[in-house]
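# Observations on the three-dimensional arrangement
Residue strings, one per chain:
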Amino acid sequence: MNASQVLKDIYDSEIRSNPLLGQVFADANSAPVKAAINDCRSGREGGGRAGMDRWIRQTQNRQWYWQNLVSPALAQLQQPAQAQKQDLRSQCNAQVASEVLRDIFAPEIRNHPVLAQVFADANSAPVKGAVNDCLVGREGGGRAGMDRWIRQAQNRQWYWQNLVSPTLAQDLRSQCNAQVASEVLRDIFAPEIRNHPVLAQVFTDANSAPVKGAVNDCSVGREGGGRAGMDRWIRQAQNRQWYWQNLVSPTLAQDLRSQCNAQVASEVLRDIFAPEIRNHPVLAQVFTDANSAPVKGAVNDCSVGREGGGRAGMDRWIRQAQNRQWYWQNLVSPTLAAAQAGATPPPTPPRFYQGESQQAKAPARCERSQVQLDPAKIDNRERCFGAIGSGCKDQADGKFTWKKWPTPEVNDDCTIKVKVSVGSILHDSCCRTLWDQGRPGDGHFCKPAPGDASIWMGVDALAGYPAGWDNKVCAREWRKAVFDTAQDRVWTETFGPYSSNDQQDNLSPVGNSRPSLLPGRLGVNDDLRRSSTVERAETRRLSAPSGTKLEIHDKAFCKSGRFKQEGWCNASAITAIQVLAFPPAALFAQPGCSNTSELQGSQRSVADWEAWRDKRRAEMNRVEAEKQAYIDAWHQWAQAKYREAYQYWPVDPRRVAIEAEVAAARVDELARNTALQTARAAHAAEMAAAEVDHQRRKLVVWAIETKRTNASEHYGVCE
C-alpha cells in the first residue's frame, strides 16, 4: 500500500478539504492507486517509492492525476454519500420523530398517558422540534442522530422543560371541564348513585358544587392534572370523604329537600292509598289539597329526612305498616270524614310516645310564676328536652354563668328560651332510650350530677373519670355535648309553653338521629363513631339557625339544610402566613387555624404562578426559536456555498475564495451559537430561581391541606 500512502501525502491539502479522498486513496482498486503502482513498476524517476513520489509531485503529472484519476473517483464516491445524506434527511419526518419521542419519554408516558397523543400530533412542539434537530444533522442526522441528540441528558431535560411539559400542561388543562368532571364523579360515586339516583343529575349539572370542585382540583394540577389526576385525587380516601361531606352531601340534601313539596306529597299519597281512593274517590281531592293534613304531614316527614329524605324517602317512610296505619287513623281518615260531611277537618293529634296519655287536655291559663322547671317536683316529667344541662333547670339556676350566658327566665306565655347543642340533643335522646328500657342509671351522666356543671364537665372532658367509663352507654354522646358547649357550638331554642305541671315535651320516637360523629375518649378527632341514637319528636324540631357554628359532621342539624365550611384547627397546625416565616422542618410546630378562604387564596397563588410560568416559557421558546432559526439560516447559507465550491477544482481560485469566505464566516456561526446557548442558560437560571417561589407557594397549599387532613376540629356555619 505504498502507492496509497504516497497519494495521501501528495494530496494532503485536498484530503483536509474533502475527507472522502482518504477513502479513495485507501481503496487498492481505485484508479489513482492502480496508476501509481503502474508508474512505479515502469521505473518512473528511478522507480520505487521515491521515484513514484517524485513523478506524481511534478506539476503537470499531479494535475493530470487529479483531472483524470482522482477527481472522477471522488465524484463516483460522492454519489452514494450524497444519496445516503438524502436518505437520512428523508427520515426527518413527524412519524419518525413521534416514534423516537415515545421511546425516549416512555417513563413519562406511563405517568401521563396523554403524552402519547401529544407525540402523535405532527404539529405539536416536541415533534416539530425533533424534526428540526434531525434536519440540521444533529449527531450525524437521520433517525439515529435524532435519537442520540435528544437522549443526551441536557437535551432531554431541555426538551421536557421547554417543549413537552408546556404542551402536556396545555393538553391536561383542556381536560379540566365540566363534562370530564361529571364522568369522573359518576364513576367514583357509583355506589352512592345507586342509593340516591338523583345524584346522577347533580353530577351532570356543570354549576353544581361537586363538579366545580372537581374542575378546580384538575385546574391546579392535582396528581399530575388532567382527567387521570382528577380521578386519582378524588379517589384518595380522605379526599373522597371530604368531597362527600362538603360538596356532594349538602348538594344532595338540598336537592332532596326541593322534592319536599305539596305536589310530590300528593303524588306519593295517591299512589300509597290507591286502594282507599277507589273506595272513597273524594280522597283524590283531599290529597290534591296542599293544606290538607295528610299532605302537610307528608311534606313535614320529607323535610326532616325520613328514610334518607326526598320523594323516595317519603314514599318508603309512609309505606311502612305502622306509619301507613298512623297516617290513616290520624290524618287521612279524619280529613276524609270532614270532607264527606262538608265540615272543617279536625286538628291533627300529636304522635304521643308509647305509655303517655293520648287524652286531649284543655289548655290552662298561663301563670309564669307557677311554672315548675325542676323535674323532681313534677314527677320527673321532661321539659327542655335536648337542651344543655338537666332539662331547663341547670341553665335557669345559673350553672352556666362561666360561659357568660344570660340566665333564662320563663316568658309571659310560659315558654322559656335556653341553649341547645347537637351533643345535648344526642345525649338526652340516648338517656331517654335507657329510661324507656327501665335502666336510667346505666347511662353516662344520665342522672343529675352534684355540684357546678362546669366542674364535672371539665373533669370528663379531660378524661379524668373512673376507669371503665370510656365505653359506658351514652359516654360518647356526653363527650360530644361537653365539646360543643366548650367550643360555643350552641344556639337558642324556645321550649314550652308549660302552663300546667302535668305537661311535658313530646318524646315520641321518630327514628334514627340525624347524621353526626361522636368523639372518643381523648379528643374530637379520636376514634370517631357514627351516632346511632333514636331521636324524639321534641328534638327533631330543634335545628340550628343561620350563622350557628357547628362541626362539619353535624351539618344535618342546620335549619336551612345548607352548611358552609369555614375552617379547621389543630393544636399542632399552622397558618399560611407562618409558612413564609418558618422552614419546612418547623411547619407543624406552630399552632393555629386555617380556613377555606385561606386555602383557596393559596391555591390561586399557585395557579397564578403557573400561568405566569407558561406565559414566560412561551416567550422564552419564541426567543430561542428565533436564535435557532438564525443558526439554521447560517447553515443553509454555508451548505449552499459548499455546493457552489465543489463545482470547481480544489486548486481553482474561485473554490479557494469560497472556502475562505465560509471559514471566515465561522466566527459569525460561533457568535450565533453562543447567543443561543447564552439565552438558554439565562432562561434556565431565571426559571430555576422562579421555581423556588413556586415551591414555596405549593408548600403553603400543602401545609394547609395537611392540616385539614389532620385537624382535630372541622367547623363551619349554617347558612
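An account of the accompanying structure is given in this report. (Residues numbered from 1 in each chain as written. Predicted model: local features only at pLDDT ≥ 70, side-chain atom pairs only at ≥ 80, totals over all residues. Heavy atoms only, no water.)

Using the criterion set out here, one finds 15 aromatic pairs in the structure. Judged by centre distance (5.8 Å) and plane angle (75°), the ring pair of Trp66 and Trp649 falls under edge-to-face. Of this pair, Trp66 sits in helix H6 (residues 59–90) while Trp649 is found in the loop between helix H31 (596–645) and helix H32 (653–710), placing the two residues 583 residues apart along the sequence. Classification of Trp66 as buried rests on a relative accessible area of 8%. By relative accessible area, which is 33% here, Trp649 ends up partly exposed. Grouped by ring-pair contacts, the aromatic residues Tyr11, Phe25, Trp66 and Trp649 constitute a single cluster. If you follow Arg672 out to its NZ or CZ, it ends over the ring of Tyr630, 3.6 Å from the centre. In this structure, Arg680 packs its charged tip against the face of Trp158, placed 4.3 Å from the ring centre. (Phe/Tyr/Trp six-rings, centres within 6.5 Å; stacked < 30°, edge-to-face > 60°. Helix = DSSP H or I, 4+ residues; strand = E, 2+ residues; numbered from the N terminus. Buried < 20%, exposed > 50% of the residue type's maximum accessible area, 1.4 Å probe, protein only. Lys NZ or Arg CZ within 6 Å of the ring centre and 35° of its normal.)

It is worth spelling out the state of the cysteines at this point. If you walk through the whole model with that rule in mind, you get 6 disulfides. Each sulfur in the disulfide pair Cys384 and Cys392 lies 1.8 Å from the other. Disulfide Cys384 to Cys392: torsion about the S-S bond roughly 95°, handedness right-handed. Both residues of the pair, Cys384 and Cys392, belong to the buried class. The disulfide partner of Cys558 is Cys718, and the gap between their sulfur atoms is 2.0 Å. With the S-S bond torsion at -75°, the cross-link from Cys558 to Cys718 turns out left-handed. Note that Cys558 is positioned in the loop between strand S7 (549–551) and strand S8 (563–570) and Cys718 in strand S10 (residues 713–718), a separation of 160 residues in sequence. Neither Cys558 nor Cys718 differs from the other in exposure class; each is buried. (Disulfide = S-S within 2.5 Å.)

Take the packing of helix H16 (residues 209–219) against helix H18 (residues 237–258) next. For the pair H16 and H18, interaxial distance at closest approach is 8 Å and the crossing angle is 145°. Judged by residue contacts, Ala209, Pro210, Gly213, Ala214 and Asp217 of H16 engage Tyr243, Leu247, Val248 and Thr251 from H18. Residue composition of the contact of H16 with H18, grouped by class: 6 nonpolar, 2 polar and 1 charged. (Axes fitted to C-alpha atoms, helices over the stretch in contact; angles between N-to-C directions. Contact = heavy atoms within 4.5 Å. Nonpolar A, V, L, I, M, F, W, Y, C, P; charged D, E, K, R; others polar.)

That bond from Gly496 to Pro497 is cis: its omega, 5°, falls within 30 degrees of zero. For Pro497, the position within the fold is in the loop between strand S2 (490–495) and strand S3 (509–512). With a phi close to 55°, Glu45 is a non-glycine residue in the positive phi region. Locating Glu45 in the fold gives a position in the loop between helix H4 (31–41) and helix H5 (48–57). A residue is classified by how much of its surface remains accessible, and Glu45, at 37% relative accessible area, is partly exposed. In this model, Cys384 sits at a positive phi of 55°, which is unusual for a non-glycine residue. Judged by its relative accessible area of 0%, Cys384 falls in the buried class.

No statement about biological role is implied by the geometric values presented.
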